[in-house]
Amino acid sequence: MNDHSRVVENKFFFCLMTLKKQIESATLRGLKNHEELLVSTLRMLLATIRNREIEKRGKLSKQGSRAPSELSDEEVLDTVRYEAKKRRDAITEFTKAGRADLAQKEARELLILEAYLPKELPEKEIKEMVGKIVKEMGEVTEKDFGKVMGEAMKRLKGLASGEKVTAAVKKALALVI
């Protein structure tokens, strides 16, 4: 059984837990099973989550709010996306530098992180959604790129990467003009 399948082995149980609790639980399981890469990756993720909770607590205390400082599942998901993007960027840079060993390590960490991310839409569906947005907005030009992009990212948040959405918007606007 590989790291990825262990992370998502009991989906029913995980549905009842917050995303942060799922990550903590997987970390403990990894510790018990002596899975060093899994544990180090998830610990790094948990550290980032805790740092964001501290930032949130600081912002809330400045506002005088007594709202809970724990991150919501959506905020935790944003943190996982952030960490996954860092891994993708690192893979690219290590590959350019000829460091295949480090690129492979980052790729294995990325697999672990992707287990906590929802599946992205295929490019065809992204293009269709962007096409609908452009039609709904009516007369658009390349100058309206920001407006179209903003609406597309709002609707596709968590379902597609910014790079794919940007490419689809550029293609859609090129077809309109």
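Every value quoted in this text rests on a predicted model; they were computed, and no experiment measured them.

Quick notes on the rules
- Residues numbered from 1 in each chain as written.
- Predicted model: local features only at pLDDT ≥ 70, side-chain atom pairs only at ≥ 80, totals over all residues.
- Heavy atoms only, no water.
- Phe/Tyr/Trp six-rings, centres within 6.5 Å; stacked < 30°, edge-to-face > 60°.
- Lys NZ or Arg CZ within 6 Å of the ring centre and 35° of its normal.
- Salt bridge = Lys/Arg side-chain N within 4 Å of Asp/Glu carboxyl O.
- Helix = DSSP H or I, 4+ residues; strand = E, 2+ residues; numbered from the N terminus.
- Buried < 20%, exposed > 50% of the residue type's maximum accessible area, 1.4 Å probe, protein only.
- 1 Å grid on protein atoms, 1.4 Å probe; cavity = no way out; pocket = protein on both sides within 12 Å on 5 of 7 lines; lining within 4 Å.
- Points joined across faces, edges and corners; volume = space filled by probe spheres on them.
- Nonpolar A, V, L, I, M, F, W, Y, C, P; charged D, E, K, R; others polar.
- Expected span 1.5 Å × (residues − 1).
- Contact = heavy atoms within 4.5 Å.
- Core = buried A, V, L, I, M, F, W, Y, C linked by side-chain atoms within 4.5 Å.
- Axes fitted to C-alpha atoms, helices over the stretch in contact; angles between N-to-C directions.
- Parallel < 35°, antiparallel > 145°, perpendicular 65-115°, else oblique.
- pLDDT = per-residue confidence, 0-100.

(A) The arrangement of the packing of aromatic side chains in detail. Enumeration over the complete set of coordinates arrives at zero aromatic pairs. Above the face of the Tyr82 ring, Arg52 is positioned so that its terminal group lies 4.8 Å from the ring centre.

(B) Structural detail: the pattern of salt bridges. Tallied over the full model, the rule gives 19 salt bridges. Residues Glu75 and Lys56 are paired through a salt bridge, measuring 3.1 Å at the closest nitrogen-oxygen approach. Here Glu75, found in helix α5 (residues 73-96), pairs with Lys56, found in helix α4 (residues 36-63); they are 19 residues apart in sequence, far enough to count as distant. Since its relative accessible area comes to 22%, Lys56 is described here as partly exposed. The network of salt bridges with shared partners includes Glu83, Lys86, Arg87, Lys105, Glu106 and Glu109.

(C) Structural view of the layout of surface pockets. The volume enclosed by the largest pocket comes to roughly 620 Å³. Lining the largest pocket are 20 residues, and of these Arg81, Arg88, Glu120, Ser161 and Gly162 sit closest to its centre. Sorting the residues of the lining of the largest pocket by element identifies α5 and α9 (162-176) as the ones contributing at least two each. For the lining of the largest pocket, the leading source of residues is α5, giving six residues. Grouping the constituent residues of the lining of the largest pocket by class yields six nonpolar, three polar and 11 charged.

(D) Expanded view of α5. For α5, built from 24 residues, the straight-helix expectation of 34 Å at 1.5 Å per residue is met to within 8% by its first-to-last C-alpha distance of 35 Å. Buried within α5 we find Val76, Leu77, Thr79, Val80, Glu83, Ala84, Arg87, Ala90 and Ile91. Structurally, α5 contributes buried residues whose contacts are with α3 (19-32), α4 and α6 (100-114).

(E) Spotlight on the environment of Val134. Within the secondary structure, Val134 is located in helix α7 (residues 123-137). Along the primary structure Val134 and Ala172 are separated by 38 residues, whereas in three dimensions their C-alpha atoms are 7.4 Å apart.

(F) Representation of the nonpolar core within the structure. Core analysis: the biggest nonpolar cluster contains 21 residues, and Ile23, Leu42, Leu45, Ile49, Val76, Val80 and Tyr116 have the highest contact counts within it. For this core, the secondary-structure elements that each account for two or more residues are α3, α4, α5 and α6. Among the elements that line this core, the one with the most residues is α4, at six residues.

(G) The packing of α3 against α5, seen in detail. Viewed as axis vectors pointing N to C, α3 and α5 meet at an angle of 55 degrees, and their least axial separation amounts to 8 Å. As summarised for this structure, α3 and α5 are arranged oblique, according to the angle between their axes. When α3 is examined against α5, the residues Leu19, Lys20 and Ile23 are found in contact with a partner set consisting of Asp73, Val76, Leu77 and Val80. Residues belonging to the contact of α3 with α5 are distributed by class as follows: five nonpolar, no polar and two charged.

(H) Focus on the environment of Ala172. The topology assignment puts Ala172 in helix α9. Distance in space between the C-alpha atoms of Ala172 and Glu142 is 9.7 Å, their sequence separation being 30 residues. When sequence neighbours within four positions are dropped, the list of residues in contact with Ala172 reads Val130 and Val134.

(I) Expanded view of the confidence of the model for the protein. On average, the protein scores 86 in pLDDT, and the residues at 70 or more come to 89%. Under a pLDDT of 50 for its full length, residues 3-14 has, in the predicted model, 20 contacts with residues more than four places off or in other chains.

(J) How the structure looks around α3. Look at α3: 20 Å from first C-alpha to last across 14 residues, which is about the 20 Å you get at 1.5 Å a residue. If you check which residues of α3 are buried, you get Leu19, Lys20, Gln22, Ile23, Ser25, Ala26, Thr27 and Gly30. Just beyond α3, the residue with positive phi is His34, at close to 60 degrees.

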